[in-house]
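# Commentary on secondary and tertiary structure
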Amino acid sequence: MWYYADGQEQRGPVSDQEVSALMQSRTVRPETLVWREGQAAWQPAIEAVPQQLRPDATGTPPPIPGDQPEPSPSKAATAATEPYS
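The text that follows walks through the structure, step by step, so that each part is easy to find. All figures in this text were calculated on a predicted structure; none of them were measured in a lab. (Residues numbered from 1 in each chain as written. Predicted model: local features only at pLDDT ≥ 70, side-chain atom pairs only at ≥ 80, totals over all residues. Heavy atoms only, no water.)

## What about helix α1 (residues 16-24)?
Convention followed: Relative accessibility under 20% of the residue-type maximum defines a buried residue, over 50% an exposed one, and the middle range a partly exposed one, all with a 1.4 Å probe and only protein chains included. The numbering of helices and of strands both runs from the N terminus, where a helix is a DSSP run of H or I of at least 4 residues and a strand a run of E of at least 2. Summarising the geometry, the arc corresponds to the directions from the helix axis toward the C-beta atoms. Contact definition: two residues touch when any of their heavy atoms are within 4.5 Å.
Buried within α1 we find V19, L22 and M23. Projection of α1 onto a plane perpendicular to its axis shows the buried side chains occupying an angular sector of 100 degrees, all on one side. Opposite its buried face, α1 presents the exposed residues Q17 and Q24, each directed more than 90 degrees away. In this structure, the buried residues of α1 make contact with β1 (2-6), β2 (9-14) and α2 (45-48).

## A closer look at the pattern of salt bridges
Rule in force here: The term salt bridge refers to a side-chain nitrogen of Lys or Arg lying within 4 Å of a carboxyl oxygen of Asp or Glu.
What the rule picks out here adds up to two salt bridges. Across the pair D6 and R11 runs a salt bridge whose closest N-O atoms are separated by 3.1 Å. Overall, D6 belongs to the partly exposed group, its relative accessible area being 39%. Among the salt bridges present, the one from D16 reaches R36, with a minimum N-O distance of 4.0 Å. Pair noted here: D16 is in helix α1 and R36 is in strand β3 (residues 33-36), with a separation of 20 residues, a long-range link. Its relative accessible area of 27% is what places R36 among the partly exposed residues.

Set out below in structure tokens:
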């Protein structure tokens, strides 16, 4: 369960789903102080709320590390039409 600061007022408890919805509606912003059991102190939501609960979580993986150039459109189109060797 989460608690969040609304000005000088403490709100909560709210569930993970509720804190996610509050972030989506911008009631809880990245700089809003939040707390839940296990935290030593209140922290900004951007630091305390897990990535998967934030509204910007897309489920899209990060880029693959390393220098792997993107294929050019002409090479990609050729590769798509050529049979496997």
